[in-house]
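Tertiary structure, described
Single-letter residue listing:
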Amino acid sequence: MEKTSRNIILIGFMGSGKTSVGLKLSYKLRRPVEDTDKLIERREGCSVSEIFARRGEAYFREQETKLLEDLVRTGHECIYSVGGGTPVRPCNRPLLRQLGTVVYLRAQPETVYERLKGDTTRPLLQCEDPLGRIRELMESRREAYETCAHLTLEVDRMAPEAIAEAIETYLPGAHG
């Protein structure tokens, strides 16, 4: 068994519950949880919004790939919640799968909109028609998420605790 195989990687669109589910899993499985956006913010010394504004999305996506490469090399038993756009870059998909078990938290656009309306910290949603933008982005990312995932869960009507339980059930030998 490779050293990183016991990592759990949560992917999905922003607002799909990755952070909440990661925290529940961390508690249940007694493993640390890391948000890759937060790891990048620490490396860069500024927020994702500031990185987008100052250096652009392409630069940010490069930093995501560099971080994944580092995590694959150093990996340990951890839960990673990754940015919604991370699986979109084709080079990131095999890195995510190498890093551990990839779980796609799939939500409907309306669910995401309800959760995120009024959130001004999401650079990709600062537009005239956020719901339309969510639909467009989700559709453009669907194949990337699906081809990357080992497990896909429909999360619209599930509480974070129930999602964490479903993931725990899926994982062979998830305890201890």
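The preceding data block contains the structure.
So, here's what we can say about the structure. Quantities reported herein were computed from a predicted structural model and do not represent experimental measurements.

Rules of the game
- Numbering of residues starts from 1 in every chain and runs along the sequence as written.
- Reporting of local features is limited, given that this is a predicted model, to residues whose pLDDT is at least 70; pairs of side-chain atoms are given and counted only at 80 or more, and all residues count toward the totals for whole chains, interfaces and linings.
- Hydrogens and waters are ignored; side-chain quantities use all the structure's heavy atoms.
- Interaxial angles span 0 to 180 degrees and are taken between N-to-C directions of axes, which are lines fitted to C-alpha atoms, for helices over the stretch in contact.
- Each helix is a run of DSSP H or I of at least 4 residues and each strand a run of E of at least 2, with the numbering of both proceeding from the N terminus.
- Convention used here: angles under 35 degrees read as roughly parallel, angles over 145 as roughly antiparallel, angles from 65 to 115 as roughly perpendicular, and any remaining angle as oblique.
- Crossing handedness is read from the near helix: turned anticlockwise from the far helix by less than a right angle, it gives a left-handed crossing, and turned clockwise, a right-handed one.
- Contacts between residues were defined by any pair of non-hydrogen atoms, one from each residue, lying within 4.5 Å.
- Partly exposed residues are those whose accessible area sits between 20% and 50% of the maximum for their type, while under 20% is buried and over 50% is exposed, using a 1.4 Å probe and protein chains only.
- Polar contact is defined as a pair of N or O atoms within 3.5 Å, subject to the rule that within protein one atom must be able to donate a hydrogen and the other to accept it, and that residues adjacent in sequence are counted only when both atoms are side-chain atoms.
- Think of the arc as the fan of directions from the helix axis to the C-beta atoms.
- For two strands to be treated as a pair, DSSP must find at least two bridges joining them.
- Think of a nonpolar core as a cluster: buried Ala, Val, Leu, Ile, Met, Phe, Trp, Tyr and Cys residues, connected wherever their side-chain atoms sit within 4.5 Å.
- Amino acids outside the nonpolar list (Ala, Val, Leu, Ile, Met, Phe, Trp, Tyr, Cys, Pro) and the charged list (Asp, Glu, Lys, Arg) are all regarded as polar, and Gly is one of them.

Notes on the packing of helix H1 (residues 18-29) against helix H8 (residues 160-170)
Where H1 contacts H8, the axes come no closer than 8 Å and their chain directions differ by 55°. It follows from the interaxial angle that H1 and H8 lie oblique. Handedness of the H1/H8 crossing: right-handed. On the side of H1, the interface is formed by Ser20, Val21, Lys24, Leu25, Lys28 and Leu29, while H8 contributes Pro160, Glu161, Ile163, Ala164, Glu165, Ile167 and Glu168.

Details of the side chain of asparagine 7
The residue asparagine 7 is located in the segment before strand S1 (8-11) in this model. On the accessibility criterion, asparagine 7 (0% relative accessible area) is buried. Looking at asparagine 7, its side chain comes within polar contact range of the main-chain nitrogen of cysteine 78, at 2.8 Å.

Regarding helix H6 (residues 109-116)
Restricting attention to buried positions, one finds in H6 the residues Pro109, Thr111, Val112 and Leu116. Buried positions in H6, seen along its axis, are confined to an arc of 160° and lie on one side of it. Where H6 ends, the next residue or the one after it, glycine 118, has phi of about 90°, a positive value.

What about the sheet that holds strand S5 (residues 151-154)?
Read across the sheet, five strands follow the order S2-S3-S1-S4-S5 without closing on themselves; strand pairing throughout is parallel. Two strands close off the open sheet at either side, each with one partner strand: strand S2 (33-35) and S5. Looking at each pair of strands side by side, their axes are set apart by 20° on average, direction ignored. Examined bridge by bridge, S1 and strand S3 (residues 79-81) share three bridges and lie parallel to one another. Each bridged residue has a counterpart across the sheet, and for leucine 10 the counterpart in S3 is serine 81. In the packing of helix H7 (residues 130-148) onto the sheet, contacts are made with S1 and strand S4 (101-106), and the angle to S4 comes to roughly 140°.

Brief notes about the environment of isoleucine 11
Along the chain, the position of isoleucine 11 falls in strand S1. Taking the relative accessible area as the measure of exposure, isoleucine 11 reaches 0% and is therefore buried. When the C-alpha positions of isoleucine 11 and threonine 152 are compared, they lie 9.4 Å apart, and in sequence the two are 141 residues distant. Those residues within four positions of isoleucine 11 in sequence are excluded, and the remaining contacts are Lys18, Val82, Pro87, Leu96, Val102, Val103, Tyr104, Leu105, Tyr145, Cys148 and Ala149.

Let's talk about the nonpolar core
Ile8, Ile11, Leu25 and Ile167 are the most contacted members of the largest nonpolar core, which has 47 residues in total. In this view, leucine 25 contacts Ile8, Leu10, Arg30, Ile79, Ala164 and Ile167; residues no more than four positions away in its chain are not counted.

Considerations on the packing of helix H3 (residues 48-55) against helix H4 (residues 57-74)
Two numbers describe a pair of packed helices, the interaxial angle and the distance between the axes. Direction vectors running N to C along H3 and H4 enclose 125°, while the axes themselves pass 7 Å from each other. As summarised for this structure, H3 and H4 are arranged oblique, according to the angle between their axes. Where H3 approaches H4, its residues Val48, Ile51, Phe52 and Arg55 are matched on the opposing element by Glu57, Tyr59, Phe60 and Arg61. A per-class count over the contact of H3 with H4 returns five nonpolar, no polar and three charged.

Overview of unusual backbone geometry
A positive phi angle, near 55°, is found at arginine 30, a position not held by glycine. With respect to the helices, strands and loops of the structure, arginine 30 is situated in the loop between H1 and S2. Residue classification places arginine 30 among the exposed residues on the basis of a relative accessible area of 74%.

Take it as geometry only, folks, not as evidence of what the structure does.
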